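# Observations on chain architecture
Chain by chain, the residues run as shown.
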Amino acid sequence: MIMVQASKASAIKSLAKQPPEPPLILVLNPDGISLNTVKVLDDVDLAGRLALALSNRQEKTVLFTADPAVLHGRFVQVLDLVKQQGADKIALLKKAPIK
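What comes next concerns the included structure. (Residues numbered from 1 in each chain as written. Predicted model: local features only at pLDDT ≥ 70, side-chain atom pairs only at ≥ 80, totals over all residues. Heavy atoms only, no water.)

### Describing the pairing of strand β2 (residues 32-35)
As a reminder, the rule being used: Buried means the residue's accessible area, taken with a 1.4 Å probe over protein chains only, is under 20% of the maximum for its type, while exposed means over 50%, and partly exposed covers the values in between. By definition, any uninterrupted DSSP run of H or I lasting at least four residues is a helix, any uninterrupted run of E lasting at least two residues is a strand, and each is numbered from the N terminus. Two strands qualify as a pair provided that DSSP identifies no fewer than 2 bridges between them.
Residue alternation in β2 divides its side chains into two sets, G32 and S34 and I33 and L35, and both sets are buried. Here strand β1 (residues 24-29) pairs with β2 via four bridges, running antiparallel. Note that in β2 the partner of N29 across the bridge is G32. Summarising the sheet, β2 and strand β3 (residues 38-40) pair through three bridges and their orientation is antiparallel. By the bridge assignment, L35 is partnered in β3 with V38. Where β2 folds back on β3, the antiparallel hairpin that results is connected by two residues, among which N36 adopts a positive phi of roughly 50°.

### Side note on the nonpolar core
Rules: The definition of a nonpolar core used throughout is a set of buried Ala, Val, Leu, Ile, Met, Phe, Trp, Tyr and Cys residues joined through side-chain atoms within 4.5 Å. Contact between two residues is taken to exist if any of their heavy atoms lie within 4.5 Å; hydrogens are not considered.
Ranked by size, the top nonpolar core spans 18 residues in total, and within it L26, L28, I33, L46, V62, V78 and V82 carry the most contacts. When residues of this core are traced back to their parent elements, those giving at least two are β1, β2, α2 (43-55), β4 (61-66) and α3 (72-84). When near neighbours in sequence (up to four residues on either side) are disregarded, V82 contacts L26, L50, V62, A87 and I90.

Written as structure tokens, this is what we have:
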């Protein structure tokens, strides 16, 4: 019996055909937090949603933006929570001004 294996090149091509994962976008405002446009109830809810979302992803990057009115301590608290839930990278985005 002859054993046939797929070449590495064809395996790489099949990986390349997968659509990219949508980014995880976290928005911190003085009145609350949103994760990919879903309003999060509190820090416990955020932790659960992030842990679930990050566990199912290859790319464990979170895009994080905050309103300038958010206190620095609160920003750092949420930043730490994101890291604790398994984010490998956190990209800080400048919030666009509302016109």
